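For reference, the chains in residue letters:
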Amino acid sequence: MRYRLTFVAGLALGYVLGTRAGRERYEQLKKSARRISQNPAVRNTAESAALQGREFAGKAFHTVSEKVGDRVPDSVAGRVRSLRERNATGGGEDDWGTNNT
C-alpha cells in the first residue's frame, strides 16, 4: 500500500510540474508567433503571396474553363466573376482579411 501511495504521489507531482512547464512553453511559443505575425515585413510578404496566389488561380481558371467549356458549374463561374469584379473595382478586404496593399 505504501508503494502505491508513493507512486500516486510521484505521478501527481510529475503531472503538476509537467503541465506547468508545458503551459509556460506554450505561452512562450504563442508570444513568439504573435510577434512574428505582427512584423510588417511578414505581413507584406503574406499579403503579396496571397495576391499572387489569387492571380495564378484566376489564370488557371481561365485556362481550365477554355478547355472544359460549359462543364464548369455556374456556381463556380459566378463566384469567380464576382471576385474579379470586386478586385477590379478595388473592393477593399477580401475573404481572407487582407487589404491588397
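Cut-offs used in this document
- The numbering scheme is per chain: residues are counted from 1 as the chain's sequence reads.
- Local features in this predicted model are restricted to residues of pLDDT 70 or higher, and side-chain atom pairs are both shown and tallied only at a pLDDT of 80 or more, whereas totals for entire chains, interfaces and linings draw on every residue.
- No hydrogens and no water enter the side-chain calculation; it runs on all heavy atoms of the structure.
- Residue-level confidence of the predictor is summarised by pLDDT, bounded by 0 at the bottom and 100 at the top.
- By definition, any uninterrupted DSSP run of H or I lasting at least four residues is a helix, any uninterrupted run of E lasting at least two residues is a strand, and each is numbered from the N terminus.
- Here a patch means residues that are over 30% exposed by relative accessible area and free of salt bridges, tied together within 9 Å if like-charged and within 5 Å if nonpolar (Val, Leu, Ile, Met, Phe, Trp, Tyr).
- Computed by Shrake-Rupley with a 1.4 Å probe, the accessible areas treat only the displayed protein chains as cover when residues are assessed.
- Basic side-chain nitrogens of Lys or Arg form a salt bridge, by our definition, when they fall within 4 Å of a carboxyl oxygen of Asp or Glu.
- With axes taken as lines fitted to C-alpha atoms, and helix axes fitted only over the stretch in contact, angles between N-to-C directions fall between 0 and 180 degrees.
- An angle below 35 degrees is read as roughly parallel, one above 145 as roughly antiparallel, one from 65 to 115 as roughly perpendicular, and any other as oblique.
- Each crossing is labelled by how the near helix is turned from the far one, with a counterclockwise turn of less than a right angle marking it left-handed and a clockwise turn marking it right-handed.
- Contact between two residues is taken to exist if any of their heavy atoms lie within 4.5 Å; hydrogens are not considered.
- Put simply, Ala, Val, Leu, Ile, Met, Phe, Trp, Tyr, Cys and Pro go in the nonpolar bin, Asp, Glu, Lys and Arg in the charged bin, and everything else, Gly too, in the polar bin.

Some points on the confidence of the model for the protein chain
Phase 1 of the analysis: Taken residue by residue, the protein chain gives an average pLDDT of 78. The fraction at 70 or more is 83%.
Phase 2 of the analysis: Element-level mean pLDDT values for the protein chain span from 78 in helix α3 (residues 74–88) up to 86 in helix α2 (residues 40–68).

Points about a nonpolar patch on the surface
Phase 1 of the analysis: Nonpolar side chains collect at one region of the surface, where Phe7, Val8 and Leu11 lie side by side and expose about 330 Å² of accessible area between them.
Phase 2 of the analysis: Summarising the element assignment, phenylalanine 7 is placed in helix α1 (residues 2–37).

Some details on the packing of α2 against α3
Phase 1 of the analysis: Contact pair α2 / α3: the axes reach a minimum separation of 12 Å and the direction vectors enclose 140 degrees. Comparing their axes, α3 and α2 come out oblique. Like other packed secondary-structure pairs, α2 and α3 cross with a definite hand, here left-handed. Residue-level contacts link Gly58, Phe61 and His62 of α2 to Val76, Ala77, Val80 and Arg84 of α3.
Phase 2 of the analysis: Residues of the contact of α2 with α3, tallied by class, amount to 4 nonpolar, 2 polar and 1 charged.

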